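Report on the structure
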Amino acid sequence: FLISFVAFAVKKHNSNYFIVFCFFISLWIIGAGGNPNQKVPSYHNSTRKKLSGCMDFVLALFGVKIHAEGFENVPNDEPFLVIANHRSNIDPIILDRLLRKYELAFIWKHTLFRVPWIGKIIAKAGYLKLDRMDLGSGFEIVRHGQSYLDVGVSIGVFPEGTRGSDEHDIAPFKSGCFLIATKMRKPIVVTVLHNAHGINKWKFIKRHDVYAKVVKVYRYEDYKDMNVNALSDEIHALMLEEVKKDK
């Protein structure tokens with residue numbers, strides 16, 4: 001396949017084909033040795049950095065222009081749990097781009113670990129695999145997430161659990177994800193993405209303006225007297241108020 005692709009690119013005399021070819025070769029190299037079926041995840045920041053470089057290509061391909069607000073408030077003194085609303089397939093890529101200077105691993109649904117190339121890469125980077133239909137998987141996510149925070153790796157999660165179709169609404173949260181932070185007394189960075197839903201139309205190159213805002217950073221002192229459900233409800237209300245604002 002690769003030889004045929006190169007031959008096709010040479011025949012067409014088009015450098016764009018070579019760019020795409022190099023992109024997929026890079027993914028193949030980065031993912032080499034990754035095991036999507038590993039039981040205990042291990043974070044590798046070097047793999048994540050390489051993956052981030054490839055993902056810049058994806059953002060450019062979709063014409064994504066990110067407008068960031070409030071990210072100067074993200075903690076620099078300790079790891080954190082960052083949460084966001086989920087509207088497009090590349091929301092994690094957008095957040096990763098904005099938080100690249102931090103060691104960060106996302107919680108992704110288990111089906112993504114089955115995707116050729118991608119599954120090996122995210123497993124090698126140390127991203128956490130969640131099967132929403134498996135209660136035991138949820139407990140494992142909390143345990144692994146807490147172990148990551150303990151060694152300075154921040155965690156990214158979309159508490160709705162799936163992509164929503166309404167830009168001005170937020171589905172009920174899966175509150176268990178907040179245990180990752182509360183048990184470790186770590187900050188929670190509340191982030192809202194605006195206008196990301198348009199990316200789902202798969203229109204290449206056309207510019208997509210995405211607005212990302214850190215609405216609030218909860219330190220332990222802010223939520224220490226709240227139970228997980230109350231904290232989840234408060235953050236949900238805060239984010240819902242924000243998404244109703246037009247951009």
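Our structure's up above, just so we're on the same page.
Residues numbered from 1 in each chain as written. Predicted model: local features only at pLDDT ≥ 70, side-chain atom pairs only at ≥ 80, totals over all residues. Heavy atoms only, no water.

1. Structural notes on the packing of helix H3 (residues 45-61) against helix H4 (residues 91-98)
When two helices pack together, their arrangement is given by the angle between the helix axes and by the axis-to-axis distance. What counts is decided by this rule: For every element, the axis is a line fit to its C-alpha atoms; helices are fit only across the contacting stretch, and the angle between N-to-C directions ranges from 0 to 180 degrees. The numbering of helices and of strands both runs from the N terminus, where a helix is a DSSP run of H or I of at least 4 residues and a strand a run of E of at least 2. The crossing is said to be left-handed when, going from far helix to near helix, the turn is anticlockwise and less than a right angle, and right-handed when the turn is clockwise. The contact rule is simple, with two residues in contact once any of their heavy atoms fall within 4.5 Å. All residues other than Ala, Val, Leu, Ile, Met, Phe, Trp, Tyr, Cys, Pro, Asp, Glu, Lys and Arg, Gly among them, are scored as polar; the first ten of these are nonpolar and the last four charged.
Look at H3 against H4: their axes get within 10 Å of each other, and the N-to-C directions meet at 115°. Our pair here, H3 against H4, has a crossing hand that is left-handed. Contacts between H3 and H4 involve Arg48, Ser52, Met55, Asp56, Val58 and Leu59 on the former and, on the latter, Ile93, Ile94, Asp96 and Arg97. Of the residues that constitute the contact of H3 with H4, the class distribution is 5 nonpolar, 1 polar and 4 charged.

2. As for the layout of surface pockets
How we decide: Computed over the protein atoms alone on a 1 Å grid, cavities are sets of points where a 1.4 Å probe fits but cannot get out and pockets are open sets with protein on both sides within 12 Å along at least five of seven lines; a residue lines them when it has an atom within 4 Å of a point. Grid points are joined across faces, edges and corners, and a volume is the space filled by probe spheres set on the points.
Roughly 450 Å³ of volume is contained in the second largest pocket. For the second largest pocket, the lining is made up of 20 residues, of which Pro36, Gln38, Lys39, Lys129 and Ser137 are closest to its centre. Looking at the lining of the second largest pocket, the elements with two or more residues in it are strand E4 (128-130) and helix H6 (135-150). Split into classes, the residues belonging to the lining of the second largest pocket amount to 8 nonpolar, 6 polar and 6 charged.

3. A few points about the nonpolar core
Using the following cut-off: The definition of a nonpolar core used throughout is a set of buried Ala, Val, Leu, Ile, Met, Phe, Trp, Tyr and Cys residues joined through side-chain atoms within 4.5 Å. Note on classification: 1.4 Å probe, protein chains only; a residue is buried when its accessible area is under 20% of the maximum for its type, exposed when over 50%, partly exposed between these limits.
Formed by 64 residues in total, the largest nonpolar core has its most connected members in Tyr127, Phe178, Ile188 and Ile235. Not counting the four nearest positions on each side in its chain, Ile188 is found in contact with Leu81, Phe178, Ala181, Lys216, Val217, Tyr218, Tyr223, Leu231 and Ile235.

4. Comments concerning the sheet that holds strand E1 (residues 64-69)
Cut-off, in case you're wondering: Paired strands, in this sense, are two strands between which DSSP finds at least two bridges.
Here we have 7 strands laid out as an open sheet, ordered E1-E7-E6-E2-E5-E3-E4, and mixed in their pairing. At either margin of the open sheet sits one strand with a lone partner, and together these are E1 and E4. Here the average twist between neighbouring strands, direction ignored, is 25°.

Remember, this is a structural readout, not a statement about activity or role.
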